Amino acid sequence: MILKKRPRRLRKNQIVRDLVSETTLDAKKLIMPYFVCEENKVKKEIESMPGIFVNSLEELLQEIESDYLLGVRNMLLFGLPKKKDPQGSGAYAKNGIIQKSIRKIKKEFSEINLIGDVCLCEYTSHGHCGQVDAGGNILNDATLKLLAKVALAQTEAGVDWVAPSDMMDGRVAVIREVLDKKGFVDTGILSYAVKYASAFYGPFRDAADSAPQFGDRSTYQMDFRNSLEAEKEACLDVQEGADIIMVKPALSYLDVIYRVKQKINLPVCAYNVSGSYSMVKTTARQNFIDEKKMVLEILTSIFRAGADLIVSYHTRDVFKNKWF
Ligand code: PBG
C-alpha cells in the first residue's frame, strides 16, 4: 500500500502555519519613495497614485517627520526641478532642489537612511535619462560624466546611498571612481542594474513629468521578453562595484528576481513600481479588493522570489496600519 503524504497537517491552524512559513515580512526591509518639487507651498496628491504626494520642501519635511514617527527609516528621494534643460543641469546643481532637500532632511533627521535617485530624466527637457544627439540618439558615454556629477553632488549634500536608475552602461564604475577619489568610500551604490522598459512606470512619469518627448526608453532599458540579459546586467554592475542590485519592476518580474538572486552574491532590491501601486490602490478605493490582503500577498511574493529589500509606495500604509 502506498502511504499517503499529508502536508496539510502542517496547515492545521494559524500558529502552526506561522511556525512553518518560509517567508517572513519585515517592515525594516522597506524603502519609501518621496517626490520633492522646487515651488513653494505645494502638497499635491498624484492623481494616479492615491495617497502619494508631490511636496515642496517644507511640506516634505512635515511628511518625513510624520513617517519617521510611524517608524519609516529608509527613504528614496526624487527631485522635480522648476526648469528643465537638455543637459538636465538641475540634477547636479549645488543648489538644485534635490541637493537642497538632502541637506535639509539630513540636518533634521540624521538617523534616516537617505537614498538619492541618480538620473537625468526628471531634469531634461526631452525627458530622456541621458544626453541625446541631434538625431535623437542616446549618448551613453557623454552621459556618464553627468551622472558622476549628479552622484557626487548628492553625496556632498549628504545622502547615504546613491541609486543610479538611468541604465547607461558603465555608470556604476564611473560613480564609484569619483566617490572614492573624493573620499566618499562609505557611500553605497544601489544600482538599478536590471530595469525593464515598462508600462508600469506610467503614474511615476505623470508625477515627475518625465515621459520622453520623442521615442521611448527601449534603447537603454531592457526588453521584457528577455531574462538572460538580466543576469548579464547584474553581473556587470557587481564587477563595477555596486553594493545592492535592483530589479525593476518587481511584479511581472518575479522570475527575474529569482534568477538574479541565484546568480549574484549581493543583496537584491526590488522596486514595486508606481503602476503596481496604482492598480492596488485605485481598485481598493472602489472596494473591489481587500487592500491589506493584496499588499501582503504582493510584498510576500516579492520576498519569496528572492528580494532582500523592497522599494514600495505601500511602505507608509504598512507602518501606519501596522500590517506587519
Ligand atoms: C528614473 C526613474 C523612473 C522610475 C524610478 N526612477 C522612471 C522611468 O524610468 O521612467 C519609476 C518608478 C516608478 O514607476 O515607481 N529613471
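Numbering of residues starts from 1 in each chain and follows the order in which that chain's sequence is written. Note on the predicted model: pLDDT of at least 70 is required for a residue's local features to be given, and 80 or more for side-chain atom pairs to be given and counted; whole-chain, interface and lining totals, by contrast, use all residues. No hydrogens and no water enter the side-chain calculation; it runs on all heavy atoms of the structure.

Notes on the site of the ligand
Consider each residue's heavy atoms; a residue with any of them within 4 Å of a molecule or strand counts as near. The environment of the ligand is made up of 18 residues, and the closest members are K195, R205, K248, S274 and Y313. The definition of a polar contact used here is a pair of N or O atoms within 3.5 Å, where within protein one atom must be able to donate a hydrogen and the other to accept one, and adjacent residues in sequence count solely through side-chain atom pairs. Measuring from a nitrogen atom of the ligand, one finds a side-chain N or O atom of S165 at 3.3 Å. R217 is positioned such that a nitrogen or oxygen atom in its side chain is 3.2 Å from an oxygen atom of the ligand. A 1.4 Å probe and the Shrake-Rupley method give the accessible areas. Residues count as covered only by the protein chains that appear here. When isolated, the ligand has an accessible area of 400 Å², and the protein chains bury 100% of it. Judged by the fraction of its atoms near the pocket grid, the ligand is located in the largest cavity. Definitions used throughout: a 1 Å grid over protein atoms alone; a cavity as a set of points that fits a 1.4 Å probe which cannot get out; a pocket as an open set with protein on both sides within 12 Å along at least five of seven lines; a lining residue as one with an atom within 4 Å of a point. Molecules are considered to sit inside a cavity or pocket once more than half of their atoms lie within 2 Å of its grid points.

Focus on empty space enclosed by the protein
Grid points are joined across faces, edges and corners, and a volume is the space filled by probe spheres set on the points. All chains considered together, the criterion is met by one cavity of 30 Å³ or more. The volume enclosed by the largest cavity comes to roughly 160 Å³. Every residue lining the largest cavity is counted, 18 residues in all, and those nearest its centre are F78, K195, Y201, F204 and K248. Numbering goes from the N terminus for both helices and strands, where a helix is a DSSP run of H or I of at least four residues and a strand is a run of E of at least two. Elements that contribute at least two residues to the lining of the largest cavity include exactly β9 (188–195) and α6 (202–208). Residue composition of the lining of the largest cavity, grouped by class: nine nonpolar, three polar and six charged. Side-chain classes follow a simple rule in which Ala, Val, Leu, Ile, Met, Phe, Trp, Tyr, Cys and Pro form the nonpolar group, Asp, Glu, Lys and Arg form the charged group, and the remainder, Gly included, forms the polar group.

Some words on the pairing of strand β1 (residues 30–37)
Along β1, eight of the eight residues are buried, which leaves the element largely enclosed by surrounding structure. For every residue, the accessible area obtained with a 1.4 Å probe (protein chains only) is divided by the maximum for its type, and the residue is called buried under 20%, exposed over 50%, and partly exposed between those limits. With burial as the criterion, each face of β1 is covered, one bearing L30, M32, Y34 and V36 and the other bearing I31, P33, F35 and C37. Pairing between two strands is assigned when DSSP locates at least 2 bridges connecting them. By the bridge criterion, two bridges tie β1 to strand β12 (residues 309–312) in an arrangement that is parallel. Paired with L30 across the bridge in β12 is I310. Where β1 lies against strand β3 (residues 53–56), three bridges are found, and the strand directions are parallel. Within β3, the residue paired with F35 across the bridge is V54.

Overview of unusual backbone geometry
Cis geometry marks the peptide bond from K248 to P249, where omega comes out at -10 degrees. Within the secondary structure, P249 sits in the loop between β10 (244–248) and α8 (254–263). Phi is positive for K41, close to 55 degrees, though the residue is something other than glycine. Of note, K41 is situated in the loop between β1 and β2 (43–45). By relative accessible area, which is 75% here, K41 ends up exposed.

Some remarks on helix α10 (residues 291–305)
The end-to-end C-alpha distance of α10 is 21 Å, a good match for the 21 Å that 15 residues give at a rise of 1.5 Å each. Contacts made by the buried residues of α10 are with β1, α8, β11 (268–272), α9 (274–285), β12 and α11 (315–320). Here α10 starts with a cap whose side-chain oxygen sits 3.2 Å from the backbone nitrogen of K292, and that cap is D290. Residue count minus one, scaled by 1.5 Å, sets the expected span of a helix. Contacts are assigned to residue pairs with any non-hydrogen atoms lying within 4.5 Å of each other.

A word on the environment of L299
By secondary structure assignment, the location of L299 is in helix α10. Among the residues examined, L299 registers a relative accessible area of 0% and is labelled buried. Taking the C-alpha atoms as reference points, L299 and N272, 27 residues apart in sequence, are found 8.3 Å from one another. In contact with L299, not counting residues within four places along its chain, are L25, N272, I310, S312, V318 and F324.

Observations concerning a nonpolar patch on the surface
Within this analysis, patches are made of residues with over 30% relative accessible area and no salt bridge. Like charges are joined at 9 Å or less; nonpolar side chains (Val, Leu, Ile, Met, Phe, Trp, Tyr) at 5 Å or less. The salt bridge definition used is simple: a Lys or Arg side-chain nitrogen within 4 Å of an Asp or Glu carboxyl oxygen. Judged by side-chain polarity, L10, L19 and V20 come together as a nonpolar surface patch covering roughly 310 Å² of accessible area. Counting through the fold element by element, V20 comes out in helix α1 (residues 14–20). Residue classification places V20 among the partly exposed residues on the basis of a relative accessible area of 39%.

Quick word on the packing of aromatic side chains
In this analysis, rings of Phe, Tyr and Trp, with Trp reduced to its six-membered ring, are considered paired at centre separations within 6.5 Å, and the interplanar angle assigns stacked below 30 degrees, edge-to-face beyond 60, and tilted for intermediate values. Considering all chains together, one arrives at nine aromatic pairs under this definition. Measuring from centroid to centroid gives 5.7 Å for Y277 and Y313, while their planes differ by 55 degrees, and the two rings are tilted. Of this pair, Y277 sits in helix α9 while Y313 sits in the loop between β12 and α11, placing them 36 residues apart in sequence. Among the residues examined, Y313 registers a relative accessible area of 1% and is labelled buried. An aromatic cluster is built from F35, F78, Y192, F204, Y271, Y277 and Y313, whose rings are joined through pairwise contacts. Seen from the ring of Y201, K248 lies directly overhead, with NZ or CZ sitting 4.5 Å from the centre. Geometrically, a charge over a ring is one whose NZ (Lys) or CZ (Arg) sits within 6 Å of the ring centre while staying within 35 degrees of the ring normal. Positioned over the ring face of Y271 is K248, at 4.9 Å from the centre of the ring.

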